[in-house]
Structures are given as C-alpha cells and as structure tokens.
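Residue strings, one per chain:
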Amino acid sequence: MLRVAVVGSGPSGIYTAQALVAQTLVPDVRVHVLDRLPCPYGLVRYGVAPDHEKIKSLQRSLRTVLEHERVTFVGNVAVGGDGLPPERLGELYHAVVYCVGAATDRPLGIPGEDLPGSHSATEFVSWYSAHPDATDGLFALRARSVVVIGVGNVAVDVARILARGADELRPTDVPQPALGVLAGSRVREVHMAGRRGPSQARFTTKELRELGGLPGARIVVDPAELALDPAYAGTEPGSPPLPALVRRNLDVLRGWAVSPPAPGPGAARTIGLRFFLRPVELLERGGRVAGVRFARTVPDGSGGVRDTGAYEDIGAGLVLRAVGYRGMPLPGLPFDAAHGTVPHRAGRVLRDGVDSPGEYVAGWIKRGPTGVIGSNRSCAKETVASLIEDAAVLTGRPSAADPLAVLRSWGLRPVEWDGWLSIERAEAALGRSLGRGPVKIPDWPGLLDAARGGTP
Ligand code: NAP
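Note that the coordinates shown come from a computational prediction; the quantities given were computed from them, not determined experimentally. (Residues numbered from 1 in each chain as written. Predicted model: local features only at pLDDT ≥ 70, side-chain atom pairs only at ≥ 80, totals over all residues. Heavy atoms only, no water.)

Visitor: So what exactly am I meant to see when it comes to the pattern of salt bridges here?
Guide: Oppositely charged side chains can pair when the atoms bearing their charge come close. One pass over the full model with this rule turns up 28 salt bridges. Salt-bridge contacts for R164 lead to E168; the nearest nitrogen and oxygen are separated by 2.6 Å. E225 is the partner of R274 in a salt bridge, and the nearest nitrogen-oxygen pair spans 2.8 Å. Residue R274 is found in strand β10 (residues 269–274), and its partner E225 is found in helix α11 (residues 223–227); the two are separated by 49 residues along the sequence. As far as the burial class goes, R274 and E225 line up, both buried. Residues joined by salt bridges that share partners form a network here, namely D51, D157, R160, R164, E168 and E210. (Salt bridge = Lys/Arg side-chain N within 4 Å of Asp/Glu carboxyl O. Helix = DSSP H or I, 4+ residues; strand = E, 2+ residues; numbered from the N terminus. Buried < 20%, exposed > 50% of the residue type's maximum accessible area, 1.4 Å probe, protein only.)

Visitor: I tried to follow the site of the ligand on my own but got confused; where do I start?
Guide: If you check the shell around the ligand, you find 21 residues, and the closest are V151, V154, R195, R196 and G371. Note that an oxygen atom of the ligand is positioned 2.7 Å from one of the side-chain N or O atoms of R196. Note that an oxygen atom of the ligand is positioned 3.5 Å from one of the backbone N or O atoms of A322. The element contributing the most residues to the shell around the ligand is helix α7 (residues 153–163), with three residues. Viewed by domain, the shell around the ligand spans two of them, domain 1 (2–103 + 327–415) and domain 2 (107–323), each represented by three or more residues. (Near = heavy atom within 4 Å. Polar contact = N/O pair within 3.5 Å; in protein donor to acceptor, adjacent residues only side chain to side chain. Domains from an automatic or database assignment.)

Visitor: Explanation requested: the nonpolar core in the structure shown.
Guide: Nonpolar side chains in soluble globular proteins tend to end up buried together. Core analysis: the largest hydrophobic core is formed by 51 residues, its most contacted members being F124, M192 and L273. Of the residues forming this core, the biggest block, seven residues, is contributed by α7. Formed by 47 residues, the second largest nonpolar core is a distinct cluster that contains A19, V31, L62 and F73. (Core = buried A, V, L, I, M, F, W, Y, C linked by side-chain atoms within 4.5 Å.)

Visitor: Whenever I open this one, the packing of helix α18 (residues 417–433) against helix α19 (residues 444–451) confuses me. Can you help?
Guide: When two helices pack together, you describe them by how their axes are tilted relative to each other and by the distance separating the axes. Where α18 meets α19, the axes come as close as 7 Å, and the angle between the chain directions of the two elements is 115°. As the angle between them shows, α18 and α19 are arranged roughly perpendicular. Crossing of α18 against α19: the hand is right-handed. Here G419, S422, I423, A426 and E427 of α18 lie close against α19, whose contacting residues are L447, A450 and A451. Across the contact of α18 with α19, the residue classes tally to five nonpolar, two polar and one charged. (Axes fitted to C-alpha atoms, helices over the stretch in contact; angles between N-to-C directions. Parallel < 35°, antiparallel > 145°, perpendicular 65-115°, else oblique. Left-handed = near helix turned anticlockwise from the far one by under 90°. Contact = heavy atoms within 4.5 Å. Nonpolar A, V, L, I, M, F, W, Y, C, P; charged D, E, K, R; others polar.)

Visitor: What is the right way to look at the sheet that holds strand β13 (residues 305–315) in this model?
Guide: Two pairing modes exist for strands in a sheet, parallel and antiparallel, and in both the strands are linked by backbone hydrogen bonds. Strand order across the open sheet formed by three strands is β11-β12-β13, with antiparallel pairing between neighbours. Edge positions in the sheet fall to β11 (277–285) and β13, since each of these pairs with one other strand and no more. When strand polarity is set aside, the average angle formed by the axes of neighbouring strands in this sheet is 25°. Sheet topology places β11 next to strand β12 (residues 288–299); eight bridges connect them, and they run antiparallel. By the bridge assignment for β12, P279 is matched with F294. (Pairing = 2+ DSSP bridges.)

Visitor: Looking at this model, I keep getting lost on the domain arrangement of the protein chain. Mind explaining?
Guide: It is common to give the size of an interface as the accessible area that goes away when the parts come together. Along its sequence, the protein chain is carved into domain 1 (2–103 + 327–415) and domain 2 (107–323). Counting residues at the interface gives ten residues for domain 1 and 17 residues for domain 2. Around 1,100 Å² of area is buried between domain 1 and domain 2 when both sides are counted, 54% of it from carbon and sulfur atoms. Considering only the side of domain 1, the residues that lose the most area to domain 2 are Y46, P50 and D51, jointly responsible for 48% of the buried surface there. Taken together, the links from domain 1 to domain 2 amount to three salt bridges. For the salt bridge of R36 with D133, the shortest nitrogen-to-oxygen distance reads 2.5 Å. Scanning the region where domain 1 abuts domain 2 turns up five residue pairs in polar contact (both at pLDDT 80 or more). (Buried area = accessible area lost by both parts, 1.4 Å probe.)

Visitor: Looking at this model, I keep getting lost on helix α4 (residues 59–66). Mind explaining?
Guide: All of the buried residues in α4 are Q59, L62, V65 and L66. Projection of α4 onto a plane perpendicular to its axis shows the buried side chains occupying an angular sector of 110°, all on one side. Opposite the buried face of α4, at more than 90 degrees from it, the exposed residues are R60 and T64. In the core, the buried residues of α4 are packed alongside α1 (11–22), β2 (29–34), α2 (42–46), α3 (53–56), β3 (71–74) and α18. (Arc of directions from axis to C-beta.)

Visitor: Explanation requested: the packing of aromatic side chains in the structure shown.
Guide: Any aromatic ring pair is given by two values, namely how distant the centres are and how the planes are angled relative to each other. A full pass over the atoms with the stated rule returns seven aromatic pairs. Centre to centre, the rings of F124 and W127 are 5.5 Å apart; their planes meet at 20°, and the pair counts as stacked. With F124 and W127 both in helix α6 (residues 121–128) and three residues apart, the pair spans about one turn of that helix. Taking relative accessible area as the criterion, F124 reaches 0% and is therefore assigned buried. Given the relative accessible area of 9%, W127 is considered buried. Ring centres 5.2 Å apart and planes at 40° place the aromatic pair Y325 and W364 in the tilted group. Placement of the pair is Y325 in strand β15 (residues 325–326) and W364 in helix α14 (residues 364–367), with a sequence separation of 39 residues. Per residue, the accessibility class of Y325 equals that of W364, and both read buried. Ring pairing ties together the aromatic residues F124, W127, Y128 and F139, which thus form one cluster. Over the ring of W410 we find R88, and its NZ or CZ is 4.0 Å from the ring centre. For the cation-ring pair, R254 lies above Y232, with the distance from its terminal atom to the ring centre recorded as 4.4 Å. (Phe/Tyr/Trp six-rings, centres within 6.5 Å; stacked < 30°, edge-to-face > 60°. Lys NZ or Arg CZ within 6 Å of the ring centre and 35° of its normal.)

Visitor: How should I be thinking about empty space enclosed by the protein in this particular structure?
Guide: Summed over the entire model, instances satisfying the criterion amount to one cavity of 30 Å³ or more. Considering only enclosed or pocket space, the largest cavity measures out at about 60 Å³ in volume. As for the largest cavity, its lining consists of D105, R106, S120, A121, T122, V154, R321, A322, V323, G324 and Y325. For the lining of the largest cavity, a count of residues per class yields five nonpolar, three polar and three charged. (1 Å grid on protein atoms, 1.4 Å probe; cavity = no way out; pocket = protein on both sides within 12 Å on 5 of 7 lines; lining within 4 Å. Points joined across faces, edges and corners; volume = space filled by probe spheres on them.)

Quick look at the structure:
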C-alpha cells in the first residue's frame, strides 16, 4: 500500500487525489486530502465569485473524488506555519503532495498602499465568499467611487460584484451580512485600470463580455485610450493575426467603443475600463484613501509601456488591488522567492537542485498563479506520474498504519467527510431560515460547531 497525503483540497489537490486513485501502476494507493479549513474545495468555494454558478457547480465533480473509497477528506488540519511541521507529516505518509496554492497577494510597492480604504481584492473576495479568516465588517461600501487596480479576471470579478444589485446576489450563497452591506452600497462608479494596453489585459473574453450584460451598470470605454494600443488598430480587416484571446477581447472593446451595451432600466452604476494608467501613489485625505495617482503610459513597442510624464488622479473612497496572487513559503520546504513557488522537477520537490523523493507539489505553488481551474488537471497528472515512478523507493519507507489516529494523538481535531456533510446541512438550514438557498457560515466557531452537528 502507498499512503499519500495531499495538502490542500482546492482543485489542484483534488485533481491530484483523482489522478492517484485513477492510475493503475500502483493499485493500492490511499489518499488523505488535508485542509486547514473544515471545508473542502479551496478557491472553488472561497474564490470563484458567487454569481458564477456554473463554475461553482464544479464542486459536484470534485465531490465524487472526495467520496472515492480510497480518498479521505481530513479538514481542520493546518500544515506549516502554526500548524503541523511538514517533516512530521512526512513521518505518517510515504509521500506528501503540497497543493497549497498562492496564499497571499502581490504587493504594489507604492506609497499609500496601506491606507485605510485600500484593500487587496483577495480581502474583498474573502469577505463576500464568507471565508472564515475574513475580517468581519471590513467593507461598508460607503464610497461613491471605487478604483480597481489591475485588469485580470479577479479585477473583473470584484468590479462585477460591486456593480450588481443585492437582488441579483440574493439567490447565491453570499453570506447574509455581506448581502446586507451590498444592499446598502453607495458605490456608483467602478474604475478598473490597467497599466498597459487592452491587448495586454489578462481577463478572458467571457468574463469581459459578462460586464456588458449587467442590468444595473453602464460600461464606459474611451476609444482614444484604446486606439493608443497598436494591436487595437490591428483588429481592422487586413491586419496581421493576433492571438485569439487578444483578438476576441479587442473585438468586445471595439464594439463597446462604437456602441456601449444598453444597460437595464434605471442602471445606477458605471464601470469604466481604463488603460495605460500605472499606479504611482494612493492619495490620502483625513487619514483614509481618497484616490489613486496614475502615471499615464504609452506602448514602448515591445509589449511594455513607458511613462509620458503626465499624471491622472482618480478619486476613490475604496481601492481594491487586484494585481495577482503570490505563493507563500512553507517552513521546512525550499522556496523560490523570485517566483513565489517551490522549486521542482516535473512536480518532485528539488532540495539544492536535487530530487527529494516523497515530497511533491502541484497547482499554483508549483507553477505560479496562472491558468484556469482545468489547468490544474494536467499539472496534477504530471506530478502524480513522478510520484508513481518513485513508488518502489517510497513504499520501502515507514508510514503510519492509521495516520488519523496519530494526528488525534497529537491533539489535532480533524473534520472528516461526515463533519463536512454536517456543515452542508447547517448551511442549507441557515439559508432556509432566511428564505434563501444554502448560505455559507462565515466564521470559524460556526463552522466547527456545525461540523460537530450543531446548527447556526
Ligand atoms: P492576473 O491575471 O495575473 O492579473 C493581474 C493584473 O494586475 C494584470 O492586469 C497585471 O498587469 C496587473 N498588475 C500586476 N502588477 C501590477 C502593478 N505593480 N501595478 C499595476 N498593475 C499590476 O491575476 P488575477 O486577476 O489575480 O488572476 C489570477 C489567476 O486566476 C488568473 O489565471 C485568472 O485567470 C484566474 N481567475 C480566473 C477567473 C475566471 O476564470 N472567472 C476568476 C478569477 C481568477 P500586467 O499584465 O501589466 O502585469
């Protein structure tokens, strides 16, 4: 028997478990999928926007993996940091696959970044996703104008949630306190700003197009700003071909520049899509953020930009920095600080450039925070192929016959699948009591109580 611990129950962890039990070279593989939260699914539960029901429904296929007879979900067990040191975990299993994602935000490194009213988009996402580590009451949405820095899919997600009315979000699993704040939101203008041009934006076309379909929001693009981008001009008939994603994005923006999408009756908000604005400082008034100062940029001819010497200030009482995620070092594991990843060869952790059989990585901690959920499937398969190649060496090593019993003897209180099902029931009951579908429990005591059979 080959005992494997997978650390992290997001898509990369679950696809790793799936690949481990699906392969046939080593038939008797037992997988424990550990998570520091009592809930599985990682960013599918706590990152995918609540109004993206179709992506959220991926939980159904991820669930079948966690219900596989040779897979066990082990929630409420933290590894690294204040939790279990990785080397202790290594004593219990033949192999450990770290699928811990990219747990923090990339900093902007500009003055004013830490002012009250300036937040990472991740904080906002965690708040409306009911992450138990999100700070209660962090967002009041009293500001009329919000600047979102960055033009990736996270920027689009937060802009869209800010622009939607609470009525549109009530049918989702948004936690009740956040729904109350969204209902009273005073936000009227959302300005999304990219430091480069529209052809370098990181959002995908489906997500971009969705902004144009919001009933309560008007889309504003500035044709003169778009035209600064040589690739934008290049979408005209007869121009050299562009990568499909870029061409599709530019087609959408070109369409909006000519004829903005018709908003629903009484649309109260605008979403401005701005480009060639490099943030240089967050402005302050009365001890809080009051806006963002941008340097105006132009293309440098090789995909980058240079400053023009001109500046533009956009006033905002709330600034959300959506400039990407970053992996965090796990104590005891090597770390490539420049890329925010663990050095590896085809998923095998490298210590001083040498393979370390028994230690593997998959997902964002392996390849950086890029790609869509499905990208994790091939990434996990590569890692599992390496692990299975090492199986003969690994099974010759000691492991614990009952790792869960050992974890309990170390004072940990794992939440197993029954506990998670109990949380699901409690969230359904909470939703019923509010006249809604299932509503997420937003705090640690509530989740742990529900896992042990309590009702919120
Ligand atoms: P991202 O795609 O890397 O986009 C980050 C954005 O921040 C880019 O526009 C980038 O501009 C900008 N940026 C970075 N550093 C900056 C700086 N110092 N100043 C100004 N702007 C800066 O990151 P993300 O939006 O966090 O998304 C992460 C991953 O999750 C992506 O793979 C994304 O597709 C995925 N995701 C997918 C969905 C979905 O499918 N619906 C939803 C959310 C997230 P430059 O290009 O100039 O660096």
